Amino acid sequence: MTHLYIARGNRLAARKLEAETVILRADDSGLFVLNELGSLLWGAADGTTPLATIVERVICPQFDVDTATALQDATRFAESLRDHQILELSDAPMVPLELAPIADEAGL
């Protein structure tokens, strides 16, 4: 993927507690706790901002890390969260669920 976009998964409940974020998966009651770095990624996962931009604008200013290393680590972390159905990953921008077009009852 040349660009990687991240969005929050479906059927999740999340609450930020200080620097951590607690996420509950509705389908199986899976519970995940994201640390400060994970919480920053989660908060920025809008589906329309490339991960590289999130790393450059959000992660690097907060932590003493170079952009290349941070992007590599963030990509691996995002892939791990995808495997747990916490994040969705795409090589193109994603339309947020609340903005996605809904077909009418006639199926049009």
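Fair warning: this is a prediction, and the values are worked out from it, not measured in the lab.

Criteria and cut-off values
Residues numbered from 1 in each chain as written. Predicted model: local features only at pLDDT ≥ 70, side-chain atom pairs only at ≥ 80, totals over all residues. Heavy atoms only, no water. Buried < 20%, exposed > 50% of the residue type's maximum accessible area, 1.4 Å probe, protein only. Helix = DSSP H or I, 4+ residues; strand = E, 2+ residues; numbered from the N terminus. Pairing = 2+ DSSP bridges. Axes fitted to C-alpha atoms, helices over the stretch in contact; angles between N-to-C directions. Parallel < 35°, antiparallel > 145°, perpendicular 65-115°, else oblique. Left-handed = near helix turned anticlockwise from the far one by under 90°. Contact = heavy atoms within 4.5 Å. Nonpolar A, V, L, I, M, F, W, Y, C, P; charged D, E, K, R; others polar.

Peer 1: Can you walk me through the pairing of strand 3 (residues 20-25) in this structure?
Peer 2: Side chains Thr 21, Ile 23 and Arg 25 of strand 3 all project onto a buried face; the interleaved residues Glu 20, Val 22 and Leu 24 project onto a face where none is buried. As defined by bridge partners, strand 2 (residues 12-17) adjoins strand 3 across six bridges and the pair is classed as antiparallel. Along strand 3, the bridge assignment pairs Leu 12 with Arg 25. Once strand 2 ends, the chain turns through two residues before running back antiparallel as strand 3, passing Glu 18 with a positive phi of about 55 degrees. With four bridges joining them, strand 3 and strand 4 (residues 31-34) adopt antiparallel strand pairing. Note that in strand 4 the partner of Val 22 across the bridge is Val 33.

Peer 1: When you look at the packing of helix 1 (residues 36-44) against helix 2 (residues 51-62) in this model, what are you seeing that I'm missing?
Peer 2: Any two packed helices are characterised by the angle at which their axes cross and by the distance between the axes. Remark: helix 1 packs on helix 2, axes separated minimally by 10 Å, with the N-to-C direction vectors making an angle of 140 degrees. Looking at the two axes, helix 1 sits oblique to helix 2. Crossing geometry of helix 1 relative to helix 2 is assigned as right-handed. Of the residues in helix 2, those in contact with Glu 36, Leu 37, Leu 40, Leu 41 and Ala 44 of helix 1 are Leu 51, Ile 54, Val 58, Ile 59 and Gln 62. Residues belonging to the contact of helix 1 with helix 2 are distributed by class as follows: eight nonpolar, one polar and one charged.

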